[in-house]
Amino acid sequence: PTHFLYILNWLRDPSLAYLDLHQMDTTKLLRLVKEAHFYQIVPLIQDLSWHLSKRIRREWSHPWLEVSDNDLVVTKGDSGSDAWCFAIVGDPFLPSDTGTHYLEVLIRNNTRQVMVGVMPPYPRKVHNTHIGKLPDGKGFMNNGHLYQNNTCHGFGPTFTSGDRVGTLLDLDKGQLSWFVNGEQTQVIKIRTSNPKGLIFTINLYSAKDCVEV
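Residues numbered from 1 in each chain as written. Predicted model: local features only at pLDDT ≥ 70, side-chain atom pairs only at ≥ 80, totals over all residues. Heavy atoms only, no water.

(A) View of the overall build of the protein. Within the protein, the secondary structure is distributed over 3 helices and 14 strands. Counting the 213 residues in the protein, one finds 51% classified as buried. Taking the contacts inside the protein whose residues are at least 6 apart along the sequence as the reference set, 65% of them involve residues at least 24 apart. When the accessible surface of the protein is totalled, it reaches about 10,300 Å², and 50% of it is carbon and sulfur. (Helix = DSSP H or I, 4+ residues; strand = E, 2+ residues; numbered from the N terminus. Buried < 20%, exposed > 50% of the residue type's maximum accessible area, 1.4 Å probe, protein only. Contact = heavy atoms within 4.5 Å. Areas by Shrake-Rupley, 256 points an atom, 1.4 Å probe, with all protein chains shown as cover.)

Here it is in structure tokens:
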């Protein structure tokens, strides 16, 4: 009910001109997307999801990371010491979303540590930690270990510069796995009901580390 007025205004004027998206905080925008999902207004879902995705990548990717204009190449710059930095890639998945989703990255340069995975979106203050230390975060590192719930164990093949690493998220079955050059890891269960949703995430650690989506 809180956001129904926005839905009603959109039905009157689908241009989104009535919405000052720059003034709207991310939490409110996320709630508006959920409201659009509730009413199954597909064009509004698409418009708002595009704005939300751009907002999330801008606000929650670490400032030490350099992202290409097409959002496909992520590099850790020379500034700053060795530290985990988050890059948000792709669009966020809401608890109401379904289907199977796949994101693949080419490891252009891997100096020490690279991690790929999924997590709920969190504010920038959690940077300088990695995906697997966050609640509901699941990260697969280049040493072949799975990191989750602040623990790790051997999980799949290692990867390095020149390798392709894919993340497969099945929202219908609540399952997650990875592929290294086509070889699949084990499959794990993942909670898809987190109210914040889920996002594909990359962690880079050292200067010059680089991946291409």
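(B) Spotlight on empty space enclosed by the protein. A full pass over the atoms with the stated rule returns 2 cavities of 30 Å³ or more. Of the volumes computed, that of the largest cavity is approximately 40 Å³. Lining the largest cavity are Leu 103, Glu 104, Val 105, Val 116, Gly 117, Val 165, Thr 167, Phe 200, Thr 201 and Ile 202. Secondary-structure elements contributing two or more residues to the lining of the largest cavity are β4 (100-109), β5 (114-119), β9 (164-170) and β13 (198-204). (1 Å grid on protein atoms, 1.4 Å probe; cavity = no way out; pocket = protein on both sides within 12 Å on 5 of 7 lines; lining within 4 Å. Points joined across faces, edges and corners; volume = space filled by probe spheres on them.)

(C) Just the nonpolar core, in detail. By size, the foremost hydrophobic cluster in this structure holds 29 residues, and its most contacted members are Leu 169, Trp 178, Ile 202 and Val 211. Among the elements of the structure, β3 (85-93), β4, β5, β9, β10 (175-180) and β13 are those that each provide at least two residues to this core. Apart from residues lying up to four places away in sequence, Ile 202 is in contact with Cys 85, Phe 86, Ala 87, Val 89, Val 105, Met 115, Val 116 and Val 211. Counting 14 residues, the second-largest nonpolar core is a separate cluster that includes Trp 10, Ala 36, Ile 41 and Ile 45. (Core = buried A, V, L, I, M, F, W, Y, C linked by side-chain atoms within 4.5 Å.)

(D) Geometry of the pattern of salt bridges. Throughout the structure, instances matching the rule amount to 4 salt bridges. A salt bridge links Arg 164 to Glu 104, with the nearest nitrogen and oxygen atoms 3.7 Å apart. Note that Arg 164 is positioned in strand β9 and Glu 104 in strand β4, a separation of 60 residues in sequence. On the basis of relative accessible area, Glu 104 is assigned to the partly exposed category, the value being 31%. (Salt bridge = Lys/Arg side-chain N within 4 Å of Asp/Glu carboxyl O.)

(E) Summary view of the pairing of strand β2 (residues 73-76). Going residue by residue along β2, you find Val 73 and Thr 75 tucked away on one face and Val 74 and Lys 76 tucked away on the opposite face as well. Bridge analysis of strand β1 (residues 65-67) against β2 gives 3 bridges, and the strand direction is antiparallel. Across the sheet, Val 67 pairs through a bridge with Val 74, a residue of β2. Pairing of β2 with strand β14 (residues 210-212), which is carried by 3 bridges, proceeds in the antiparallel orientation. Bridged to Val 74 within β14 is Val 211. (Pairing = 2+ DSSP bridges.)

(F) Unusual backbone geometry, seen in detail. Its identity as a non-glycine residue notwithstanding, Gln 40 has a phi of 55°, on the positive side. Relative to the helices and strands, Gln 40 is located in the loop between α2 (26-39) and α3 (42-60). Residue class for Gln 40 comes out exposed when judged on its relative accessible area of 56%. A positive phi is found at Asn 149, a non-glycine position, where the angle reads about 50°. By the element assignment, Asn 149 lies in the loop between β7 (145-148) and β8 (151-154).

(G) Structural context of the packing of aromatic side chains. Within this structure, the stated rule accounts for 7 aromatic pairs. When the ring of Trp 84 is compared with that of Tyr 205, the centres are 5.2 Å apart and the planes differ by 65°; the resulting orientation is edge-to-face. You can see Trp 84 sitting in the loop between β2 and β3 and its partner Tyr 205 sitting in the loop between β13 and β14, a full 121 residues away along the chain. There is no split in this pair, since Trp 84 and Tyr 205 are both buried. With a centroid separation of 6.0 Å and an interplanar angle of 65°, the aromatic rings of Phe 140 and Phe 155 are classed as edge-to-face. With a gap of 15 residues between them, Phe 140 in strand β6 (residues 138-141) and Phe 155 in the loop between β8 and β9 connect regions that are remote in the sequence. The buried category is assigned to Phe 140, whose relative accessible area is 0%. Relative accessible area serves as the criterion here: at 6%, Phe 155 is assigned to the buried category. (Phe/Tyr/Trp six-rings, centres within 6.5 Å; stacked < 30°, edge-to-face > 60°.)

These figures capture arrangement, not role.
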